[in-house]
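# Examination of the molecular architecture
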Amino acid sequence: RRSSEAFRPRLEEAAAGIVDKALESGTLDVIEDFATPIPVAMIAELMGLPARDHQQVLDWSHAIVKVFDQNVSDADGEAAESATRDFVAYLEEVVDMRRKNRGEDLISSMIDVEDAGDTLTDEEIVGTSILTLNAGHEATVHAIGNGVLALAWDDTQYRRLHQGEARVETAVDELLRYDSPLQMFERWVLVDTEVAGVRLAKGSKVGLLFGSANHDPGVFDDPEGLDLARQPNPHVSFGAGLHYCVGAPLARVELEAAFGSFASRIAGIELREASGRIHSLVFRGLENLRV
């Protein structure tokens, strides 16, 4: 959380710079020029990875998450395996360098962490780093894209944000609930149990439908409606419990910087083009979005 908050000024500056350029031209390619560059640069910097490696990290990430797509091919699976091996080898070198020479980055912090005499292994540090980079980038890109699309659709709600009637913090929570970037994730059943009258056997796998839970009429008033000032808002877009998203603080800062830059500079958003929902069983987002 502390590391994430330290990035807020740079995130706000980066988002404002992109929005200012868009105001000059009058249009913005939201996915390519706004949603993509902000999270990958910040997460890679948080991990202490040099700028020259950011594109390679992004390519590995795209190849790995491809296995969540519908109708994934054998070639996609092999490419994901290859990307994982290369990513692991790369990060093993980074961890080795950090053990010899600490920095102010998250990898160095994971090396230094100790709990009751127990420390993280290199494998745990590498695995956590890949998870942070992959999940943090992909989900944040889709959260920004889905959010801008929702704001373009609902001019009344966007005006509330622009005029300060709704706070950016509550707007971020509502946009995550309304069109969740992470729709489904799987969990293993560790003991025989029963949920809502359904018996679940130890060793079986269940899918948690976050997108569905976020539209539960038993929890949310008018769940299909967008309310940027909605409170309380107990959405599960970041998961819950032991599996609560480790990158949630960084994601919030990124999204607040992104939507805050829109709200403070832009009076209205007009949709030009929204095409190509990604073919994923886990992520929900757009391939193209121009406003």
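Residues numbered from 1 in each chain as written. Predicted model: local features only at pLDDT ≥ 70, side-chain atom pairs only at ≥ 80, totals over all residues. Heavy atoms only, no water.

### Notes on the pattern of salt bridges
The condition is simple: When a carboxyl oxygen of Asp or Glu lies within 4 Å of a side-chain nitrogen of Lys or Arg, that pair is called a salt bridge. A run of H or I in DSSP counts as a helix once it spans at least four residues, and a run of E counts as a strand once it spans at least two, with each numbered from the N terminus. Working definition: with a 1.4 Å probe on protein chains only, accessible area under 20% of the residue-type maximum means buried, over 50% means exposed, and in between means partly exposed.
Evaluation of the coordinates by the stated rule reveals 17 salt bridges. Of the charged contacts, one joins R159 and D155 as a salt bridge, the two residues approaching to 2.3 Å between their closest N and O atoms. Pair noted here: R159 and D155 are both in helix 9 (residues 155–162), with a separation of 4 residues, about one helical turn. On the basis of relative accessible area, R159 is assigned to the partly exposed category, the value being 35%. A salt bridge links E174 to R230, with the shortest nitrogen-to-oxygen separation between them at 2.9 Å. Taken together, the residues span a long stretch of sequence, with E174 in helix 10 (residues 168–178) and R230 in the loop between helix 11 (210–213) and helix 12 (248–265) at a distance of 56 residues. Accessibility expressed as a relative area gives 8% for R230, which makes it buried. Linked by salt bridges that have partners in common, E5, R8 and E256 make up one network.

### A look at the packing of helix 2 (residues 8–25) against helix 12
How two helices pack is summed up by the angle between their axes together with the distance between the axes. Selection rule: For helices, the fitted axis covers only the stretch in contact; all axes are lines through C-alpha atoms, and the angles between them, taken along N-to-C directions, range from 0 to 180 degrees. Roughly parallel refers to an angle under 35 degrees, roughly antiparallel to one over 145, roughly perpendicular to one between 65 and 115, and oblique to any angle outside these ranges. Each crossing gets its hand from how the near helix is turned against the far one by less than a right angle, where anticlockwise is left-handed and clockwise is right-handed. For this analysis, residues touch if any pair of their heavy atoms sits within 4.5 Å. In this classification, the charged set is Asp, Glu, Lys and Arg, the nonpolar set is Ala, Val, Leu, Ile, Met, Phe, Trp, Tyr, Cys and Pro, and all remaining amino acids, among them Gly, are polar.
Where helix 2 contacts helix 12, the two axes come as close as 9 Å, and the packing angle between them is 40 degrees. Relative to helix 12, the element helix 2 lies oblique. Considering the relative orientation of helix 2 and helix 12, their crossing is right-handed. Along the contact surface, helix 2 presents R8, L11, E12, A15, A16, V19, D20 and L23, while helix 12 presents V253, E254, E256, A257, A258, S261, F262 and R265. Partitioning the contact of helix 2 with helix 12 into residue classes produces 9 nonpolar, 1 polar and 6 charged.

### A word on a nonpolar patch on the surface
Applied cut-off: Like-charged residues are merged into a patch within 9 Å and nonpolar side chains (Val, Leu, Ile, Met, Phe, Trp, Tyr) within 5 Å, provided each residue has over 30% relative accessible area and no salt bridge. Surface accessibility follows the Shrake-Rupley procedure with a 1.4 Å probe radius. Residue values consider only the protein chains on display as shielding.
Taken together, V67, F68 and V72 make up a surface patch of nonpolar side chains, about 200 Å² in accessible area. Relative to the elements of secondary structure, F68 occurs in the loop between helix 5 (54–65) and helix 6 (74–100). For F68, a relative accessible area of 30% translates into the label partly exposed.

### Some details on helix 10
The buried count for helix 10 comes to 8 of 11 residues, which makes it a mostly enclosed element. Of the positions making up helix 10, those classed as buried are T170, A171, V172, D173, E174, L175, L176 and R177.

### Some words on the layout of surface pockets
Condition: With a 1 Å grid laid over protein atoms only, a set of points is called a cavity when a 1.4 Å probe fits there but cannot get out and a pocket when it is open yet has protein on both sides within 12 Å along at least five of seven lines; lining residues have an atom within 4 Å of a point. Grid points are joined across faces, edges and corners, and a volume is the space filled by probe spheres set on the points.
By volume, the largest pocket amounts to about 1,300 Å³. For the largest pocket, the lining is made up of 47 residues, of which L131, A135, C245, V246 and G247 are closest to its centre. Where the lining of the largest pocket is concerned, the elements lending two or more residues are helix 1 (2–6), helix 4 (37–46), helix 5, helix 7 (106–112), helix 8 (122–153), strand 3 (184–188) and helix 12. With 9 residues, the top contributor of residues to the lining of the largest pocket is helix 8. Split by residue class, the lining of the largest pocket holds 31 nonpolar, 12 polar and 4 charged. The calculated volume of the second largest pocket comes to roughly 450 Å³. Contributing to the lining of the second largest pocket are 19 residues, with H62, E138, H142, I278 and E287 lying nearest its centre. At the level of secondary structure, the elements contributing two or more residues to the lining of the second largest pocket comprise helix 3 (30–35), helix 5, helix 8 and strand 8 (286–290).

### Observations regarding the packing of aromatic side chains
Formally: Any two of the Phe, Tyr and Trp rings considered here, Trp counted by its six-membered ring, make a pair once their centres fall within 6.5 Å; the pair's planes then place it as stacked at under 30 degrees, edge-to-face at over 60, or tilted in between. Throughout this description, the term charge over a ring refers to an Arg CZ or Lys NZ atom that lies within 6 Å of the ring centre and within 35 degrees of the ring normal.
Counted under the stated rule, the structure contains 4 aromatic pairs. Above the face of the F220 ring, R177 is positioned so that its terminal group lies 5.2 Å from the ring centre.

### So, empty space enclosed by the protein
According to the stated counting rule, one finds 2 cavities of 30 Å³ or more in the structure shown. Each pocket or cavity is described by its volume, and for the largest cavity that value is around 50 Å³. Every residue lining the largest cavity is listed: A143, N146, G147, V172, L175, L176, D179, P181, L255 and F259. Roughly 30 Å³ of volume is contained in the second largest cavity. What lines the second largest cavity is simply V40, I43, V57, L58, S61, L133 and H137. Going through the elements one at a time, helix 4, helix 5 and helix 8 are the ones with two or more residues in the lining of the second largest cavity. Of all the elements, helix 5 adds the most residues to the lining of the second largest cavity, at 3 residues. Classifying every residue of the lining of the second largest cavity by side-chain character gives 5 nonpolar, 2 polar and no charged.

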